[in-house]
Amino acid sequence: MKTPVHIAVSGAAGQISYSLLFRLASGALFGPEQPIVLHLLEIPQAMPVLNGVVMELQDCASPLLYRVETTDDPRIAFRNADYVFLVGARPRGPGMERKDLLEVNAEIFSVQGKALNDVASRKVKVLVTGNPANTNALIALTNAPDLGPENFSSMSRLDHNRAISQLADKCGVLATDVKNMSIWGNHSTTQYPDLHHAKVKGQDALSLVERDWFINDFIPTVQQRGAAVIQARGLSSAASAANAAIDQMRSWALGTPEGDWVSMGVLSDGSYAIERDLMYSFPVTVANGEVTIVKGLDINEFSMQRMRISETELKEERDAIRHLL
Ligand code: NAX
């Protein structure tokens, strides 16, 4: 058997984790040969619930789960962690303004960024799911100066998977027949799911669907899918979010297939004239754990305008918490 990898998960008593942890324990991230140690982080009030989740993990008798540790201290949770899922975040409470939400989360993610800086593996991969995910990731990485931007990403994979599935459904093909999907920008309703480069069984996606469907159906459906799930289920996306977190971490660790790419929130390097130092979702390829933004795509006026709208929102989010950076 291989040496176990250490995986930390924050928000471990929450609903995304209730799916994520059991999939990790069953080998969904690195397969059935790779043992894991789970480091579970929660706030003190949620520790009793977390203990129940741990009981259930134990009751799976998973051959891969070597150990489960629980704590309310990020410096303990992140010690020597190789892979970190930052899922926990404060939801918007009654009477809370967007700015207040940004601020309370900025505080959480600055503390966690500092802890990662001090105790995590120098090769750690930190995936931020907790909302506002892009800006939380920016805060965490800014507070971890001894790590680099390459150690952090924010989750766009749920949006990416939603976009693939909508297009596959429209074209009557399997999700695996869709390649080169792109999500640009923020994980919010300003995101831009872009079909200009997408392929369906090797054909240009936009040659197979009407432009009206792309603009007035596909884009808003993907942008508002989270709200549609809440309306139907009375709870936000959880199993699909956990699935996306695993997909994104797997692509990051093991690479993207030849000829395809995935969408990830990464620190902008100025590509496509997106302001540097924003966590922005780009189409990326990954090889040997290194993420590269796909360069040189033709971006028309329509796309550029959509990409800018999301960039503007991310700048506003960053400016609202700039004093904490
Ligand atoms: P839950 O409210 O069920 O769980 C969140 C958990 O985080 C709670 O158990 C809470 O005690 C814990 N927590 C809060 N502050 C913490 C801290 N400082 N340290 C450790 N744990 C802390 O939310 P859930 O449905 O699991 O969603 C988690 C986050 O994912 C939310 O912010 C949600 O908005 C976000 N999402 C992000 C998505 C994405 O694509 N980026 C999609 C799904 C989801 O909406």
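Residues numbered from 1 in each chain as written. Predicted model: local features only at pLDDT ≥ 70, side-chain atom pairs only at ≥ 80, totals over all residues. Heavy atoms only, no water.

Peer 1: Talk me through the pairing of strand β13 (residues 279-287); I want residue IDs and the actual numbers.
Peer 2: Buried residues dominate β13, accounting for seven of its nine residues. As defined by bridge partners, strand β12 (residues 262-267) adjoins β13 across six bridges and the pair is classed as antiparallel. Within β13, the position partnered with Val-266 by the bridge is Tyr-280. (Buried < 20%, exposed > 50% of the residue type's maximum accessible area, 1.4 Å probe, protein only. Helix = DSSP H or I, 4+ residues; strand = E, 2+ residues; numbered from the N terminus. Pairing = 2+ DSSP bridges.)

Peer 1: Now, about the sheet that holds strand β7 (residues 178-179): what can you tell me, with residues and values included?
Peer 2: Read across the sheet, three strands follow the order β7-β10-β11 without closing on themselves; strand pairing throughout is antiparallel. Both outer strands of the open sheet, β7 and β11 (203-204), are each paired with one neighbouring strand and no more. With two bridges joining them, strand β10 (residues 199-200) and β11 adopt antiparallel strand pairing. When the sheet's bridge partners are listed, Lys-199 is paired in β11 with Asp-204.

Peer 1: So what's going on with the pattern of salt bridges? Which residues, and what values?
Peer 2: Enumeration over the complete set of coordinates arrives at 13 salt bridges. A salt bridge links Glu-210 to Lys-170; its shortest N-O distance comes to 3.5 Å. Placement of Glu-210 in the loop between β11 and α7 (211-223) and of Lys-170 in helix α6 (residues 157-171) is noted, with a sequence separation of 40 residues between them. On the basis of relative accessibility, which here comes to 45%, the residue Glu-210 falls in the partly exposed class. With relative accessibility at 36%, the residue Lys-170 sits in the partly exposed group. (Salt bridge = Lys/Arg side-chain N within 4 Å of Asp/Glu carboxyl O.)

Peer 1: Explain the side chain of Thr-256 residue by residue, including any values.
Peer 2: Structurally, Thr-256 can be placed in the loop between α9 (239-254) and β12. We classify Thr-256 as buried; its relative accessible area is 15%. Among the polar contacts made by the side chain of Thr-256, one reaches the main-chain amide nitrogen of Val-286 at a distance of 2.9 Å. Apart from the residues within four sequence positions on either side, Thr-256 is in contact with Ser-251, Val-262, Val-284, Thr-285 and Val-286. (Polar contact = N/O pair within 3.5 Å; in protein donor to acceptor, adjacent residues only side chain to side chain. Contact = heavy atoms within 4.5 Å.)

Peer 1: Any chance you could break down the site of the ligand for me, citing the residues and the numbers?
Peer 2: As a structural note, the neighbourhood of the ligand is formed by 24 residues, with Gln-15, Ile-16, Glu-42, Asn-131 and His-187 the closest of them. The backbone of Gly-11 places a nitrogen or oxygen atom 3.3 Å from a nitrogen atom of the ligand. Side-chain polar atom of Asn-131 to an oxygen atom of the ligand: 2.8 Å apart, as the coordinates give it. When the ligand is considered free in solution it has 880 Å² of accessible area, and contact with the protein chains removes 81% of it. Contributions of two or more residues to the shell around the ligand are made by α1 (15-25) and α4 (98-119). (Near = heavy atom within 4 Å. Areas by Shrake-Rupley, 256 points an atom, 1.4 Å probe, with all protein chains shown as cover.)

Peer 1: Describe the packing of aromatic side chains, listing the residues and the values that go with them.
Peer 2: Taken as a whole, this structure holds nine aromatic pairs when the rule is applied. Residues Phe-30 and Tyr-83 carry aromatic rings whose centres are separated by 5.0 Å and whose planes lie at 55 degrees to one another, so their mutual orientation is tilted. Here the residue Phe-30 occupies a position in the loop between α1 and β2 (36-41), and Tyr-83 occupies one in strand β4 (residues 83-86), the gap between them amounting to 53 residues. Each member of the pair, Phe-30 as well as Tyr-83, carries the same accessibility label: buried. Note on Tyr-192 and Phe-302: the rings are 6.1 Å apart at their centroids and 70 degrees apart in plane angle, and the pair reads as edge-to-face. Of this pair, Tyr-192 sits in strand β9 (residues 192-194) while Phe-302 sits in helix α10 (residues 301-320), and the two are 110 residues apart along the sequence. One exposure class covers both Tyr-192 and Phe-302, and it is buried. Taken together, the aromatic side chains of Tyr-192, Trp-213, Phe-214, Phe-218 and Phe-302 make up a single cluster linked through ring pairs. (Phe/Tyr/Trp six-rings, centres within 6.5 Å; stacked < 30°, edge-to-face > 60°.)

Peer 1: Describe the nonpolar core, listing the residues and the values that go with them.
Peer 2: Ile-7, Leu-24, Phe-85, Leu-167 and Phe-218 are the most contacted members of the largest nonpolar core, which totals 76 residues. Residue contributions to this core peak at eight residues, all from α9. Residues within four places of Leu-24 in sequence aside, it is in contact with Ile-7, Val-9, Leu-29, Ile-36, Leu-38, Phe-85 and Ile-246. Counting 30 residues, the second largest nonpolar core, distinct from the first, contains Ala-106, Ala-133, Leu-267 and Met-279. (Core = buried A, V, L, I, M, F, W, Y, C linked by side-chain atoms within 4.5 Å.)

Peer 1: I'd like a description of the confidence of the model for the chain, backed by residues and values.
Peer 2: A low pLDDT score tells you not to read the predicted coordinates there in detail. With 100% of its residues at a pLDDT of at least 70, the chain reaches an overall mean of 96. Per the prediction output, this complex has pTM 0.98; the corresponding ipTM is 0.99. (pLDDT = per-residue confidence, 0-100.)

Peer 1: Describe the environment of Ala-241, and please don't skip the residues or the numbers.
Peer 2: Inspection of the secondary structure assignment puts Ala-241 in helix α9. According to the relative accessible area criterion, Ala-241 is buried, its value standing at 4%. Between the C-alpha atom of Ala-241 and that of Ala-198, which follows or precedes it by 43 residues, the distance is 22 Å. Apart from residues no more than four positions distant in its own chain, Ala-241 is found in contact with Ile-16, Met-155 and Leu-158.

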